[in-house]
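The lines below spell out each chain.
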Amino acid sequence: MLFILFHLGNDRYALDSRQVIEVVPMVILKRLPHAPNYVGGLFRYRGVVVPVIDLCALIRNAPCSRLLSSRIVLVSYPGSDGRKHVLGLMAERIVETLTACEADLTPSGIDLDESPYLGKIICREQEMIQCIRIEHLLPDSLRSTLFQDGGDEKTEGS
Amino acid sequence: MKDTANMYENDPTVNLDSPSTTEAQETTSLQEAGNPPDTVEDCWNLIGSFGDGSCMELAEAILCRNCRLFSTAGRNLLEREPPEGYVEDWTELLGRRKAFQGATTTGAIIFRLGLEWLALPAGVFKQVAQIRTIHSLPHRSGPILKGLANVLGALRLCISLHDLLGVEKATDSDQRPERKTYARLAVIEKEGDCWVFPVDEVYGMYRLHPDELQSVPVTVARSAVSYTKGLFHCGDKIVGFLDDTLLFYSLKRRIL
């Protein structure tokens, strides 16, 4: 299994590459007023409006640093309507990948309600890299709001 | 790979005065703290394989590019603010719809027989091999079937596409002086039938859009015409796109 790694501060996290569509550089995001602070905004991707979640803000309560290595990973996210939508995940230092097999993944043993997206752990060289479960990233309320108009060809105005 | 620089870091008994270890240590500890230095110590140019080769890490890594310090330094090049206009350019680029070309084009392999440039769909090509001896079959000497050739360990029937299509073989005077060309053995296969034929040159692959195919002029009276589905331009060449279904059918009928 191939994982895309990213940093949040000094901790490393992993994303399953099977759900990844593309990794794109940082772009200008259109802010969504009244949305939670971890919603970075919206941007146009190949004619489709895509929402972007700031993973640094979501997990560490600090916005992502705007360096060249901070990029947006576009993933295929299952919407509440059962359809697949494109969701952008913004994180820091997305520059590495990791290959691990199913046996390398060990359950963390802790399942917090506040962070249902934290999945199994990969141990590498005395470091623990936690996988992110994309499908549990957004609360249901946000999920239906963000993807109401997402996937449409017209530009969203707000 | 053992990280020897880290191993020495916490050991008080090890002499840390040697410049190579200290240098390497400094860079590692700074980078691992997630705080890249403004100027990177390019140990690879000073003591590494691009320098005088005195670095201890080379014993295990052999070349600097296998060393973790080198790759970490490379990745740290991205730990800086994006240049002017970078973010704006990318926002604009990603917003555009992709000019989707893939699904409607077919790949064609272009090759030369004599002076004629011809093409077949890439899907029928199994292999393009080095030219080799074709062993003639006793009592089966026709103009088209040339014999057997050993390709990838299997004996394949070898034909002469020159003769089937009525293309004249190139003479030495026709060879282009500016480019060295190599004759190859093309192996084509479709629905279990496999045929091998020598070609004078393989140009390569070309993605063909159906609109590009022009009809063959009816005034040209050669047997190659009936096999040609259409003509298209590739660079300065006019290439005849052959009908693979018809080709396989007539080969099967005439030889098998």
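### Details of the overall build of chain A
Next up, step 1: Regarding its fold elements, chain A presents two helices and ten strands.
Next up, step 2: Order of helices (α) and strands (β) in chain A, N terminus to C terminus: β-β-β-β-β-α-β-β-β-β-β-α.
Next up, step 3: Counting the 158 residues in chain A, one finds 49% classified as buried.
Next up, step 4: The long-range fraction of contacts in chain A, counting pairs at least 24 apart against all pairs at least 6 apart in sequence, stands at 57%.
Next up, step 5: For chain A, the accessible surface area stands at approximately 7,800 Å², while carbon and sulfur atoms represent 51% of it.

### Regarding the interface of chain A and chain B
How big an interface is tends to be stated in terms of accessible area lost as the parts join.
Next up, step 1: Taken together, the contact between chain A and chain B spans 20 residues of the former and 23 residues of the latter.
Next up, step 2: Contact with chain B buries area across many residues of chain A, yet A:Ile28, A:Arg46 and A:Leu68 alone supply 34% of it, more than any other trio.
Next up, step 3: Seen at the junction of chain A and chain B, the total is two salt bridges.
Next up, step 4: A salt bridge links B:Glu79 to A:Arg93; the nearest nitrogen and oxygen atoms lie 3.7 Å apart.
Next up, step 5: Between chain A and chain B we count seven residue pairs in polar contact (both at pLDDT 80 or more) in total.
Next up, step 6: Sorting the residues of the side of chain A that touches chain B by element identifies strand 3 (20–25), strand 4 (39–45) and strand 7 (84–99) of chain A as the ones contributing at least two each.

### What about the packing of aromatic side chains?
Remark: the centre distance and the inter-plane angle together describe each pair of aromatic rings, the angle taken between the planes.
All names here are of chain B.
Next up, step 1: For the structure shown, the criterion picks out nine aromatic pairs over all chains.
Next up, step 2: With a centroid separation of 5.4 Å and an interplanar angle of 10°, the aromatic rings of tyrosine 206 and phenylalanine 232 are classed as stacked. Residue tyrosine 206 is found in strand 8 (residues 201–208), and its partner phenylalanine 232 is found in strand 9 (residues 228–234); the two are separated by 26 residues along the sequence.
Next up, step 3: Three or more aromatic residues link up through ring pairs in this structure, and these residues are Trp44, Phe50 and Phe70.

### Some points on the side chain of A:Ser17
Residue and element names in this part refer to chain A.
Next up, step 1: Structurally, serine 17 can be placed in the loop between strand 2 (11–16) and strand 3.
Next up, step 2: Engagement of the side chain of serine 17 in a polar contact is seen with the backbone oxygen of leucine 2, the distance being 2.7 Å.
Next up, step 3: Once residues lying within four places of it in the same chain are set aside, the contact partners of serine 17 are Leu2, Phe3 and Ile4.

### Quick word on the side chain of A:Ser69
Next up, step 1: For A:Ser69, the position within the fold is in the loop between helix 1 (55–60) and strand 6 (71–78).
Next up, step 2: Relative accessible area serves as the criterion here: at 0%, A:Ser69 is assigned to the buried category.
Next up, step 3: If sequence neighbours within four positions are ignored, A:Ser69 has contacts with A:Ala91, A:Glu92, A:Arg93, A:Ile94, A:Val95, B:Leu78 and B:Glu79.

### With respect to the sheet that holds strand 8 of chain B
Residues and elements named next belong to chain B.
Next up, step 1: One open sheet accounts for five strands, arranged 8-1-2-10-9; its pairing is mixed. In this open sheet, the two strands that pair with only one neighbour each are strand 8 and strand 9. Taken over all neighbouring pairs, the strand axes of this sheet differ in orientation by 30° on average, direction set aside.
Next up, step 2: Relative to strand 2 (residues 116–121), strand 1 (residues 106–113) runs antiparallel, the two sharing six bridges. Pairing of alanine 108 across the sheet is with proline 121, part of strand 2.

Analysis parameters
Residues numbered from 1 in each chain as written. Chains lettered and ligands numbered in written order. Predicted model: local features only at pLDDT ≥ 70, side-chain atom pairs only at ≥ 80, totals over all residues. Heavy atoms only, no water. Helix = DSSP H or I, 4+ residues; strand = E, 2+ residues; numbered from the N terminus. Buried < 20%, exposed > 50% of the residue type's maximum accessible area, 1.4 Å probe, protein only. Contact = heavy atoms within 4.5 Å. Areas by Shrake-Rupley, 256 points an atom, 1.4 Å probe, with all protein chains shown as cover. Buried area = accessible area lost by both parts, 1.4 Å probe. Salt bridge = Lys/Arg side-chain N within 4 Å of Asp/Glu carboxyl O. Polar contact = N/O pair within 3.5 Å; in protein donor to acceptor, adjacent residues only side chain to side chain. Phe/Tyr/Trp six-rings, centres within 6.5 Å; stacked < 30°, edge-to-face > 60°. Pairing = 2+ DSSP bridges. Axes fitted to C-alpha atoms, helices over the stretch in contact; angles between N-to-C directions.

Just geometry here; none of it tells us what the structure is for.
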